[in-house]
Amino acid sequence: MTAGRLARLDQAFRVAAGELGHCTAAWLFVREVAAEAGDEGVEALRDGLGRAYPVLDTVARRWLEGARAPHVRPEGVVAACVGAARVLVVGLEAAHLDALVPLLAPSTRIGLVLQGTLDADWERVLANWGGRVEGTDVAGFQRWAGARSVLVTFAYGVAGGVAHVQPAWVRVSGPDVRAQFRALIAWDVLRAPMFVYPRWLVSVPAEDFSHVAGH
Amino acid sequence: MRAEQLIVSGVLVGTLVLQAARPQRRMLIVTLGAGLAALTTSVAGLGTAADLLADVPWDVLVILAALGLLTQVFVASRLFGVLAAAAARRSQADPRRVLLLFALIMFVVSGLANNLTALLLVLPVLLTLLKLLSVDQRYLTWTLGVLLVACNLGGAASPIGDFPAILLLGRGSMTFDAYVLNALPPATAALGLILAVTLLVVRPARALDDDPVGRRVSVAVMDALHRAVRLDRGLFAWPAIALAVMLVAWVVAPRESGLTPELIAWLGVGAALVAAPALGERLIRSRIDVEAALFLLSLFVMVAAVRRTGVFDDVAAGLARLPVPPVVQLVVFLLMAGLLTGLFSAGPSMAALLDVAESLATRLPPHAVYVGLALSVCAGSSLFLTAATAGPMAQALTERAGLRDGQGAPLRFGFFEFIPVGLMSFGVIQAVGIAWALAAVSMG
């Protein structure tokens, strides 16, 4: 893969990861590159961009090991959200949210914290759920708190007592938050260890969460 | 020239120069200029501020505000985002198709809706696509440049597309159908010529690598970003019907019936808003473009003041005295209109020159003069990035998008980058406008 093509894919991946999430974007890139350039292309993509995007590195590795689609199993999250009046999502993974949203009770309000490390057109992001998901900023997330509220975030591998999550989680989680929400759910969307430094992510104790879903 | 003529004309020209030089103080400058013009006419006994306000074509402001509100209802229905996403898909990330499709969309949309709002919603989608494609500076410049010119031409192609045409409609200079019949063909021809020159001669995509992987990924990402963004049919249907009824009424309702263009706009948009009352109330309270209305009101007051001094009559008489045939006078007038618009932008030029045009229209076929003027104003609007309001907005949105080329160098879209596009577009539109006007004169 030429340097020019890698630079173009680098810029394109930032756009995609900003509005789809790193895991969703990584699966899309790996699938499309493989369709055009085969496994060799995926290997070249991993070599070229893997260090910059560890989730992409992991997804490319899983593709080369034979996986062909992301593991999107919302059942565990849905079970933890039964009876919830409000579900607030911190972090973005479009494929996983697309699967989760229709399974939540119509009476449940769903919120998304509009905070990311990459640029995103949040109006467009929200338009994909046709008004079902409401946006909120970090400062306003406490308006979603309550005895029937659930906080959900995406984890990129949960192992050894540690979960890698998006930095936005650190901004909303704190010692007092556990008491303000009925459940704090980590949804493991990667389900594999990362072999490169987990740039774009932060490590938090897995015990911060009341539920770990996705396994 | 009499003293009051010198002073009021000086206020008008000085205000226009100042607002062009200091756009960040534009509103302050024009409102003060209007006040000074009113003071001068009052002192000179040519008319009080109330007289000048009575001269303001309020019908034009009503049409502009009403159509702006209708555009906002379409915004709420997600029409523009859906259109842009469809164009991105249809282009298959082929750079030449991207340029062509987005230019055509903006041309059509600008003929029916407020082009500034439409651009504000279409441009982010295009910029996302350009980011995914990692285009180079040359391609970015020509694509965005042609897009802006297509907006200007779309606005000139229809009597409700942009201020100059609305002014002609509102003042009764031309009827709705006469304007469409006479302005749509040359505007379409000018767009066709500009696209042909751009795609066949300039070829802005020629230095871009043909990267099938990049194209495939770009299409897939655009699809994913808009995977479930749908038109809100409930919000879209009623305003679309209202617009269709308004278009029919503008064509068939005779002015003498009292069903004037501004009343049709007023009632039509009111009906469209009633269908979604909560949204309608919110839009009326918060989305009327007060800045644009105040800017035009100030211009109209200044132009009314200059008119009362007799300057426009003198200019028209001077033009008539030129020792050349009337058609050559028309060509001189149209060239002057194009250049003045390039310097001062469309609103001021059109407001000031329409009086002179009305004088010319007594000696030449009116539609030749008015459509020639509308196209010349459109040419001037396309000359510099700063000549039309959409230009600085496109510049700001592009800067915010932080585009980079394949080597990681930042891309820009500013005044100087736009100049080659502007010169080419000005030349084509002005030439088409003059040729069309001369043909109309020869055919009577």
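Attention here is on the structure that accompanies the text. Predicted, not measured: the structure shown is a model, and the values here were computed from it.

What about the environment of B:A183?
All names here are of chain B.
Line of reasoning, step 1. Positionally, A183 belongs in helix α10 (residues 176-202).
Line of reasoning, step 2. On the accessibility criterion, A183 (0% relative accessible area) is buried.
Line of reasoning, step 3. Expressed as a C-alpha distance, the spacing of A183 and L153, which sit 30 residues apart in the sequence, is 9.7 Å.

Describing the packing of α10(B) against helix α21 (residues 415-442) of chain B
Residues and elements named next belong to chain B.
Line of reasoning, step 1. The geometry of α10 relative to α21 is characterised by a closest axis approach of 9 Å and an angle of 145° between their N-to-C directions. Judged by the twist between their axes, the crossing of α10 over α21 is right-handed. Packed against α10, whose contacting residues are N182, P185, P186, A190, L193, I194, V197 and T198, the element α21 presents M424, S425, V428, I429, V432 and W436 at the interface.
Line of reasoning, step 2. Of the residues that constitute the contact of α10 with α21, the class distribution is 11 nonpolar, three polar and no charged.

Thoughts on the interface of chain B and chain A
Line of reasoning, step 1. Opposite the 27 residues of chain B that make contact, chain A presents 27 residues.
Line of reasoning, step 2. Our enumeration of links across chain B and chain A arrives at six salt bridges.
Line of reasoning, step 3. The partner of B:D211 in a salt bridge is A:R5, and the shortest N-O contact between them spans 2.9 Å.
Line of reasoning, step 4. Run the count over chain B and chain A and you get 14 residue pairs in polar contact (both at pLDDT 80 or more).
Line of reasoning, step 5. Among the secondary structure elements, those contributing two or more residues to the side of chain B that touches chain A are α7 (115-133) and α11 (212-225) of chain B.
Line of reasoning, step 6. Here the residues of the side of chain B that touches chain A sort into 14 nonpolar, five polar and eight charged.

Describing α21(B)
Line of reasoning, step 1. Given a rise of 1.5 Å per residue, 28 residues ought to cover 40 Å, and the 39 Å separating the end C-alpha atoms of α21(B) matches this to within 8%.
Line of reasoning, step 2. B:G444 sits one or two positions beyond α21(B) and adopts a positive phi of about 75°.

Remarks on the nonpolar core
Line of reasoning, step 1. Ranked by internal contacts, the top residues of the largest apolar core, which has 226 residues, are A:F29, A:L112, B:F102, B:L153 and B:L373.
Line of reasoning, step 2. Apart from residues no more than four positions distant in its own chain, B:F102 is found in contact with B:A84, B:A87, B:A88, B:V122, B:L126, B:L129 and B:L147.

With respect to the side chain of B:D136
Residues and elements named next belong to chain B.
Line of reasoning, step 1. Examined against the element boundaries, D136 turns out to sit in the loop between α7 and α8 (137-157).
Line of reasoning, step 2. A polar contact of 2.9 Å, which involves the side chain of D136, links it to the backbone nitrogen of Y139.
Line of reasoning, step 3. Excluding its chain neighbours within four sequence positions, the residues that come into contact with D136 are P204, A207, L208, D405 and L411.

The rules behind each value
Residues numbered from 1 in each chain as written. Chains lettered and ligands numbered in written order. Predicted model: local features only at pLDDT ≥ 70, side-chain atom pairs only at ≥ 80, totals over all residues. Heavy atoms only, no water. Helix = DSSP H or I, 4+ residues; strand = E, 2+ residues; numbered from the N terminus. Buried < 20%, exposed > 50% of the residue type's maximum accessible area, 1.4 Å probe, protein only. Axes fitted to C-alpha atoms, helices over the stretch in contact; angles between N-to-C directions. Left-handed = near helix turned anticlockwise from the far one by under 90°. Contact = heavy atoms within 4.5 Å. Nonpolar A, V, L, I, M, F, W, Y, C, P; charged D, E, K, R; others polar. Salt bridge = Lys/Arg side-chain N within 4 Å of Asp/Glu carboxyl O. Polar contact = N/O pair within 3.5 Å; in protein donor to acceptor, adjacent residues only side chain to side chain. Expected span 1.5 Å × (residues − 1). Core = buried A, V, L, I, M, F, W, Y, C linked by side-chain atoms within 4.5 Å.

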